[in-house]
Amino acid sequence: MSERLSVLKTYKLYVGGKFPRSESGRVYEVTDAKGKWLANAPLSSRKDARDAVVAARKAFGGWSGATAYNRGQILYRIAEMLEGRRDQYVAEVADAEGLSKSRAAAQVDAAIDRWVWYAGWTDKIAQVVGGGNPVAGPFFNLSSPEPTGVVAVLAPQKSSFLGLVSVVAPVVATGNTAVVVASEKSPLPALSLGEVLATSDLPGGVVNILSGRTAEIAAPLAAHQDVNAIDLAGADEELAKELEIAAADNLKRVLRPQPVDDGDWSATPGTDRMTAFLETKTVWHPTGALGASSSSY
């Protein structure tokens, strides 16, 4: 029996629910921890970043307007799809991060579990951060969380999959849409994630994934007037400072790099990354005239 030719995978961006090549036509070599060539990844341009923002903004109304329960179902479906492709992700994470198969499997399992964890929070976060406020007067005063809008997310550089999920899932769980810049050195697990998102009932444009030079893609996103917030998890101190200055132009919410080991995202995440990109809407409503019995109606 003759040997088969290798079927090499062509990795593409994930923007607006589709898989375009970079507008620039550029690619760059991705290698494993030992320098062995793995694939060519798209080298995103500023135009790609702008296209991703347009897609995210278009998807925001429908996604933020969906019920929290529905968002939770879709996030859980993503976890189901990832579970079905577990072996593929184990191999990609092992190559990307130079891990043994067993350690890579632990990372992938933790990432899948994290999707499930955030799926469970979609219809509960409002109960934690919202509520009724006591006021002096015949009024109801109610505070409720609402998504910030389009969030640019710089994925962690070393944790190519677990770190990626840890910063993307909380953004979309609360109704935001995301433009994600994958790890520059290890983008392949992120680009493969797009294939799962495309077949998991997640509306196109809710998550958009770009690969390439982090600083080159992040600069136009930080300055973009239609990006409402930015997570700088994958930026070093110098780049984070530059992006924070650019983001101030339209008063973006900015989440600075957190004091977490870039290679270990396994700790229980808590709710901080969900609340970081939520706004609080407070509504006053008259209760009606108070009668002698102090009844509102």
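For the structure itself, consult the block above.
Residues numbered from 1 in each chain as written. Predicted model: local features only at pLDDT ≥ 70, side-chain atom pairs only at ≥ 80, totals over all residues. Heavy atoms only, no water.

(A) Molecular detail of the pairing of strand β6 (residues 177-181). Counting buried residues along β6, five of its five residues qualify, which places the element largely inside the surrounding structure. Of the two faces of β6, both are covered, the one formed by T177, V179 and V181 as well as the one formed by A178 and V180. Strand direction decides the pairing type here: strand β5 (residues 150-154) and β6, joined by five bridges, are parallel. Bridging from a neighbouring strand, A152 pairs with V179 of β6. Each parallel crossover has a hand, and the one from β5 via helix α6 (residues 162-173) to β6 is right-handed. One ladder, built from four bridges, connects β6 with strand β7 (residues 207-210); its direction is parallel. Paired with V181 across the strands is L210, a residue of β7. (Buried < 20%, exposed > 50% of the residue type's maximum accessible area, 1.4 Å probe, protein only. Helix = DSSP H or I, 4+ residues; strand = E, 2+ residues; numbered from the N terminus. Pairing = 2+ DSSP bridges. Right-handed = clockwise from strand over helix to strand, strands pointing away.)

(B) Structural context of the packing of aromatic side chains. As enumerated under the stated definition, the model contains four aromatic pairs in all. Consider the rings of Y14 and F19, whose centres lie 5.1 Å apart with planes at 40°: the pair is tilted. Assessed through its relative accessible area of 1%, Y14 is described here as buried. Note on Y89 and F161: the rings are 4.8 Å apart at their centroids and 20° apart in plane angle, and the pair reads as stacked. Separated by 72 residues along the polypeptide, Y89 in helix α3 (residues 86-97) and F161 in the loop between β5 and α6 bring together distant segments of the chain. Each member of the pair, Y89 as well as F161, is classed as buried. Each member of the aromatic cluster is reached from another via a ring pair, and the members are W117, Y118 and W121. (Phe/Tyr/Trp six-rings, centres within 6.5 Å; stacked < 30°, edge-to-face > 60°.)

(C) Structural context of the nonpolar core. Judged by nonpolar contacts, the single largest core of 64 residues is most densely connected at L82, W115, F161, V180, V207 and I209. Dropping the residues within four chain positions of it, V180 is found in contact with V153, A155, L164, V168, V207, N208, I209 and L210. Residues L13, V150, L154 and I230 belong to the second largest nonpolar core, which totals 25 residues. (Core = buried A, V, L, I, M, F, W, Y, C linked by side-chain atoms within 4.5 Å. Contact = heavy atoms within 4.5 Å.)

(D) Seen up close, the side chain of S45. With respect to the helices, strands and loops of the structure, S45 is situated in the loop between β2 (37-42) and α1 (46-65). Residue classification places S45 among the buried residues on the basis of a relative accessible area of 8%. If near-sequence neighbours (up to four positions away) are discounted, S45 is found in contact with S22, E23, S24 and R26.

(E) Quick peek at a negative patch on the surface. A cluster of like negative charges, contributed by D236, E237, E238 and E242, occupies part of the molecular surface. Position of E237 among the secondary structure elements: in helix α9 (residues 237-247). Of the residues examined, E237 reaches a relative accessible area of 62% and is grouped as exposed. (Patch = residues over 30% accessible without salt bridge, like charges linked within 9 Å, V, L, I, M, F, W, Y side chains within 5 Å. Areas by Shrake-Rupley, 256 points an atom, 1.4 Å probe, with all protein chains shown as cover. Salt bridge = Lys/Arg side-chain N within 4 Å of Asp/Glu carboxyl O. Lys, Arg positive; Asp, Glu negative; His and termini not counted. Charge placed at Lys NZ, Arg CZ, Asp CG, Glu CD.)

(F) The arrangement of α9 in detail. Those residues of α9 that sit buried are L239, A240, L243 and A247. For α9, the buried positions fall inside an angular range of 100° around the axis, keeping them on one side. Exposed side of α9, more than 90 degrees from the buried face: E237, E238, K241 and I245 are the residues found there. Where the residues of α9 are buried, they touch β5, α8 (214-223), β8 (229-231) and β9 (253-255). (Arc of directions from axis to C-beta.)

(G) Spatial organisation of the environment of S22. Relative to the assigned elements, S22 resides in the segment before β1 (27-31). Assessed through its relative accessible area of 7%, S22 is described here as buried. Sequence-wise, S22 and G212 are 190 residues apart; in three dimensions their C-alpha atoms are separated by 9.6 Å. Not counting chain neighbours up to four residues away, the residues in contact with S22 comprise L13, P42, L43, S44, S45 and D48. One polar contact links S22 to D48, side chain to side chain, over a distance of 2.7 Å. (Polar contact = N/O pair within 3.5 Å; in protein donor to acceptor, adjacent residues only side chain to side chain.)

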